[in-house]
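# Summary of the model geometry
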Amino acid sequence: ATTSILLPAGRPLASRSTLPLQMASAGNQRVVIFDGALSYDSPSPLGQIEIRGLTAMLSRRGADVGSLGPISVSVSRIQLEIGAVVMGTDSALAGDTLDIITLNPFTVSRGETVPLRVTCDLSQNATPGNVVMTFTDSSFLTIVDKNLLTPVYPILSGSTFPAAAGEISIVAGDLKSSFTN
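Residues numbered from 1 in each chain as written. Predicted model: local features only at pLDDT ≥ 70, side-chain atom pairs only at ≥ 80, totals over all residues. Heavy atoms only, no water.

## Side note on the pairing of strand β6 (residues 85–90)
For strand β5 (residues 75–82) and β6, the ladder comprises five bridges, and the chain directions are antiparallel. Bridging across to β6, Gln79 finds its partner in Thr89. Where β5 folds back onto β6 in an antiparallel hairpin, the turn is made up of two residues, including Gly83, whose phi is positive at roughly 70°. (Pairing = 2+ DSSP bridges. Helix = DSSP H or I, 4+ residues; strand = E, 2+ residues; numbered from the N terminus.)

And the structure:
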């Protein structure tokens with residue numbers, strides 16, 4: 001009988017692109033609030049991990065935050081994209097917690113880097129103000145060792161937790177006809 005020794009997956013490295021404050025109008029779709037990547041280099045020559053979801057906190061920032069209402073008034077849906085493929089969506093937005101579970105786990109093999117993006121759709125009646133997404137701890141990405149089926153927690157490059165992931169400023173007016181010749 002053949003004996004296999006499985007080594008733990010090791011910790012992948014998540015990184016984020018430094019995005020400027022994203023400005024968007026009510027009704028805009030797929031507004032980028034986080035852009036980054038996940039790199040996986042394992043001590044095991046056959047290591048594989050699965051991305052199964054993302055959890056983050058959403059909050060408002062501004063002068064009169066209490067009068068702006070819940071996040072769900074402004075944000076109708078948030079998507080986790082790997083590459084250009086939407087892997088999962090949260091449209092319930094319970095309280096201030098974003099919880100996306102992928103429809104199908106995305107496998108990352110040793111030596112691979114995959115682009116990660118979180119986008120959101122703004123409702124037609126979105127309240128002007130800033131929406132901030134924060135990763136509270138290293139469990140922000142739900143990752144599982146594909147062989148051992150144990151949780152794997154990524155390292156977020158250059159950050160400590162809680163870590164600001166991105167921010168969108170919802171502007172009051174529509175800028176579509178602001179620039180004409």
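## As for the environment of Asn147
Summarising the element assignment, Asn147 is placed in the loop between β10 (141–145) and β11 (151–152). Sequence separation between Asn147 and Ala9 is 138 residues, and the spatial gap between their C-alpha atoms is 8.3 Å.

## Re the pattern of salt bridges
Applying the stated criterion to the full structure yields six salt bridges. Note that Arg117 is salt-bridged to Asp35, the shortest N-O span being 3.2 Å. With Arg117 in strand β8 (residues 113–122) and Asp35 in strand β3 (residues 31–39), this residue pair connects regions lying 82 residues apart in the sequence. Of the charged contacts in the structure, one is a salt bridge between Arg61 and Glu167, with a shortest N-O distance of 2.2 Å. Taken together, the positions of Arg61 in strand β4 (residues 48–61) and Glu167 in strand β13 (residues 163–171) put the pair 106 residues apart, joining distant regions of the chain. (Salt bridge = Lys/Arg side-chain N within 4 Å of Asp/Glu carboxyl O.)

## Side note on the packing of aromatic side chains
Following the criterion strictly, the structure yields three aromatic pairs and no others. Aromatic pair Phe140 and Phe161: ring centres 6.1 Å apart, planes at 45°, arrangement tilted. Here Phe140, found in the loop between β9 (129–135) and β10, pairs with Phe161, found in the loop between β12 (155–156) and β13; they are 21 residues apart in sequence, far enough to count as distant. Judged by its relative accessible area of 3%, Phe140 is buried. (Phe/Tyr/Trp six-rings, centres within 6.5 Å; stacked < 30°, edge-to-face > 60°. Buried < 20%, exposed > 50% of the residue type's maximum accessible area, 1.4 Å probe, protein only.)

## Section: the pairing of β8
Within β8, seven of the ten residues are buried, which leaves it mostly tucked inside the rest of the structure. Bridge analysis of β3 against β8 gives eight bridges, and the strand direction is antiparallel. Residue pairing for β8: Val32 is matched across the bridge by Thr119. The sheet contact formed by β5 and β8 spans seven bridges and is antiparallel. Residue pairing for β8: Glu81 is matched across the bridge by Arg117.

## Focus on the sheet that holds β8
Taken together, the six strands give an open sheet; going across it, the order is β6-β5-β8-β3-β1-β12, and neighbouring strands pair in mixed fashion. In the strand order of this sheet, the two ends are held by β6 and β12, each with one partner.

## A look at the environment of Asp121
Topologically, Asp121 is positioned in strand β8. Note on Asp121: relative accessible area 2%, which makes it buried. When the C-alpha atoms of Asp121 and Ala26 are compared, they prove to be 8.9 Å apart, with 95 residues separating the residues in sequence. With near-sequence residues (within four places) excluded, Asp121 lies in contact with Asn28, Gln29, Arg30, Ser74, Val75, Ser76, Arg77 and Gln79. A distance of 2.6 Å separates polar atoms of two side chains, one belonging to Asp121 and the other to Arg77. (Contact = heavy atoms within 4.5 Å. Polar contact = N/O pair within 3.5 Å; in protein donor to acceptor, adjacent residues only side chain to side chain.)

## Some details on unusual backbone geometry
Here the amide bond leading from Phe161 into Pro162 is cis, since omega sits at -5°, within 30 degrees of zero. On the secondary structure map, Pro162 appears in the loop between β12 and β13. One non-glycine residue, Leu149, lies in the positive phi region at around 60°. Within the secondary structure, Leu149 sits in the loop between β10 and β11.

## Looking at the confidence of the model for the protein
For the protein, mean pLDDT is 86; residues scoring 70 or higher make up 85% of the total. Here helix α1 (residues 71–74) stands out as the least confident element of the protein, with mean pLDDT 84; β8 is the most confident, with 96. (pLDDT = per-residue confidence, 0-100.)

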